[in-house]
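Breakdown of the fold
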Amino acid sequence: MNLNKAELIITILALVLIIAIPQYGVIAAFVIVIAYLKRNKLFATIGLQKPENIISKIITCALMGVAIELIAETVLNPLIENITESKIDLSAVDLSSVTSYLIWIVIGFVLGGLLEEILFRGFLITRISKMIKDNQISDIIALLISSSVFGLCHLYQGWSGVISTGIIGLIFGIIFLAFKKNLWYSILTHGFVNLTGLTILYFNYYDTIEKLIFK
């Protein structure tokens, strides 16, 4: 085990909070993790180095985010909903006005992109991996655990939503690992996935896109 006692306790506590009280637990776990990282100046250990070539990163992540969301809406989500015989519950998202749409975009980038990626990919993947052995195999195990927990914290979307977000969380984790644990790639990609999904919902194209392949 390559974790010190404090990080071991924080990692276990974060997992317990997220699973026990999903939505509020995520916020609580994030606050604890951020406080610990800031106090010990450990942001670089979760992949939050000073961003370089930011324009190329934004373009790359925008393309990945749009592609991931379109594939999810045309293939992944309809397939999941057909298998589970239940729709993904998006009723919590109110897009009744331009103002609410813009607010949700900010939420999508800040709470979705920044908060969730710091917690689930940056912290949990790196720390769970260290709990095991800190090699490629432990990275994969940590990826699977963090993605499963990420899916479960979206239980308010129903079990179809849990499966969908779990798989998308897995993709974010793969991006994090593929780009040598540079967290900016998964943060920005997550934000653009949310932006694309919100835009589809706002313009009321959700059902149309969903039925492009699965009638």
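The coordinates are above.
Quantities reported herein were computed from a predicted structural model and do not represent experimental measurements.

1. Brief notes about the overall build of the protein
- Across its full length, the protein carries 8 helices and 0 strands.
- Helices (α) and strands (β) of the protein occur, in sequence order from the N terminus, as α-α-α-α-α-α-α-α.
- Taken against the 2.2 N^0.38 rule, which gives 17 Å for 215 residues, the C-alpha radius of gyration of the protein at 17 Å falls within 12% of a compact globule.
- In the protein, once contacts between residues fewer than 6 apart in sequence are set aside, the share between residues at least 24 apart is 75%.

2. Some thoughts on unusual backbone geometry
- Positive phi outside glycine occurs at Glu-85, with the angle close to 55 degrees.
- Considering the arrangement of structural elements, one finds Glu-85 in the loop between helix 3 (54-84) and helix 4 (98-132).
- The backbone of Lys-180 sits at a positive phi, close to 55 degrees, despite the residue not being glycine.
- Mapped onto the elements of the fold, Lys-180 is located in the loop between helix 6 (158-178) and helix 7 (183-202).
- What makes Lys-180 exposed here is its relative accessible area of 77%.

3. Considerations on the environment of Ile-174
- The residue Ile-174 is located in helix 6 in this model.
- Between the C-alpha atom of Ile-174 and that of Ile-140, which follows or precedes it by 34 residues, the distance is 8.9 Å.

4. Comments concerning the packing of aromatic side chains
- Throughout the structure, instances matching the rule amount to 5 aromatic pairs.
- Relative to Phe-192, the ring of Phe-109 lies with its centre 5.4 Å away and its plane at 85 degrees, an arrangement referred to as edge-to-face. In this pair, Phe-109 is assigned in helix 4 and Phe-192 in helix 7, connecting sequence segments 83 residues apart.
- The exposure class assigned to Phe-109 is partly exposed, which follows from its relative accessible area of 26%.
- Looking at Phe-192, the relative accessible area reads 16%, which means it is buried.
- Consider the rings of Phe-120 and Phe-150, whose centres lie 5.0 Å apart with planes at 75 degrees: the pair is edge-to-face. Within this pair, whereas Phe-120 is found in helix 4, its partner Phe-150 is found in helix 5 (residues 136-152), the two being separated by 30 residues in sequence. This pair shows no difference in class: Phe-120 is buried, exactly as Phe-150 is.
- Taken together, the ring pairs in this structure connect Tyr-101, Tyr-202 and Phe-203 into an aromatic cluster.
- Its guanidinium or amino end placed over the ring of Phe-150, Arg-121 lies 4.4 Å from that ring's centre, counting from NZ or CZ.

Parameters and conventions
- Sequence order as written defines residue numbering, which begins from 1 separately in each chain.
- Given that the model is predicted, a residue must reach a pLDDT of at least 70 before its local features are reported, and side-chain atom pairs must reach 80 or more before they are shown or counted; all residues, however, enter totals for whole chains, interfaces and linings.
- Processing note: side-chain calculations cover all non-hydrogen atoms of the structure and skip hydrogens and water entirely.
- Only DSSP runs of H or I with at least four residues qualify as helices, and only runs of E with at least two residues qualify as strands; both kinds are numbered from the N terminus onward.
- When we talk radius of gyration, it's over C-alpha atoms, and the globule rule is simply 2.2 Å times the number of residues to the 0.38.
- Residue contacts follow a heavy-atom distance rule, with two residues in contact if any of their heavy atoms lie within 4.5 Å.
- Relative accessibility thresholds used throughout: buried, under 20% of the residue-type maximum; exposed, over 50%; partly exposed, between the two (1.4 Å probe, protein chains only).
- To pair, rings of Phe, Tyr and Trp, with the six-membered ring standing in for Trp, must have centres within 6.5 Å; the planes then decide the type, stacked if under 30 degrees apart, edge-to-face if over 60, and tilted in the middle.
- Two conditions define a charge located above a ring, namely a distance within 6 Å from the ring centre to NZ of Lys or CZ of Arg, and an angle within 35 degrees of the ring normal.

Take it as geometry only, folks, not as evidence of what the structure does.
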